[in-house]
Amino acid sequence: MALPFNSTRNPTSDLFPDDKSTGLFFLYLITHHTLSSEPFKKEKFEYALEKIMEVLGHTAVRAKSRTSPGLDLTVKGQRWSLKSEAHKSISHDLIWVSKWMELGKGKWKDDENDLRSLCDGFLHHLGRYDRIFMLRCLSPDDSLDHHYEILEIPKAILTIAKSGAFTMMHKSKQDPKPGYCRVSDDQGLMYELYFDGGSERKLQLKKLRRNLCVFHADWRFQTPIPSVDP
């Protein structure tokens, strides 16, 4: 646990208000990677944040149900939703949440208006939590050198989704037809909502520009290599 690590912390972060809090999160990361080369993912992220918030003197309670829609952790009365990203093709500048929510079995065929109705469900889902934090593993293929960051996705940029451009993928063989909602600003594409009509019928958040998010902290470290003194 005395291994060195490099961490950058946003001085205005209320998630990691001091070096003690970033150091505590590092302990969870290094403990995990001492035992596994797999990325530190969502369930452990939830547990680590809960315990760190308690150490900082905050009331923190994880959701009782693993299927609670969107809500993962309640801290000081605030409802938090936690996400993670660790796929092999991860981009530093573009964020992908492969499953934001399930889309259920409502009306959904091949009409763009069906996508707008599904977007209403997304906006309703957003109403179940106040803040959204994302843990990103930026080194998923490296078993020795690790780089993680935690960002906050502002709800305000997601609640304008209904103003986006909806497109149904009419040539797709999926049933129901998948489609997109693309939201843009004066700098170009902000993000895409992808309505995946596959077997899971899920909503994905794709190509979210990282510069639209709030950086809280990151960590760079190496996995210790076991050795035996001669």
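Below: a short report on this structure. Each chain carries its own residue numbering, running from 1 in the direction its sequence is written. The model is predicted, so local features are restricted to residues of pLDDT at least 70 and side-chain atom pairs to those at 80 or more, both for listing and for counting; the totals for chains, interfaces and linings are taken over all residues. Only heavy atoms go into the side-chain values, all of them from the structure, while hydrogens and water stay out.

### As for the packing of aromatic side chains
Under the convention used in this document: In this analysis, rings of Phe, Tyr and Trp, with Trp reduced to its six-membered ring, are considered paired at centre separations within 6.5 Å, and the interplanar angle assigns stacked below 30 degrees, edge-to-face beyond 60, and tilted for intermediate values. A run of H or I in DSSP counts as a helix once it spans at least four residues, and a run of E counts as a strand once it spans at least two, with each numbered from the N terminus. Whether a residue is buried, partly exposed or exposed follows from its accessible area with a 1.4 Å probe, protein chains only, as a fraction of its type maximum: under 20%, in between, or over 50%, in that order.
On inspection of all chains with the given rule, the structure shows 12 aromatic pairs. Both rings, one in Phe16 and one in Trp219, keep their centres 5.3 Å apart while their planes meet at 75°; by these two values the pair is edge-to-face. Pair noted here: Phe16 is in the loop between strand E1 (6-9) and helix H1 (19-35) and Trp219 is in strand E12 (residues 214-222), with a separation of 203 residues, a long-range link. Here Phe16 and Trp219 have matching classes, each one buried.

### A short note on the sheet that holds E1
Where strands meet in a sheet, backbone hydrogen bonds hold them as pairs that are either parallel or antiparallel. Defined as follows: Two strands qualify as a pair provided DSSP detects at least 2 bridges between them. Orientation is described by axes fitted as lines to C-alpha atoms, over the contacting stretch for helices, and by angles from 0 to 180 degrees between their N-to-C directions. Should any heavy atoms of two residues lie within 4.5 Å, those residues are considered in contact.
Pairing in this open sheet of 7 strands is mixed, and the strands run E1-E12-E7-E6-E4-E3-E2 from one edge to the other. Of all strands in the sheet, those with a lone pairing partner are E1 and strand E2 (60-62), marking the two edges. Direction aside, neighbouring strands of the sheet carry axes that sit 20° apart on average. Helix-sheet contacts for H1 involve E1, strand E6 (131-137), strand E7 (145-152) and E12, and the interaxial angle to E12 is about 45°.

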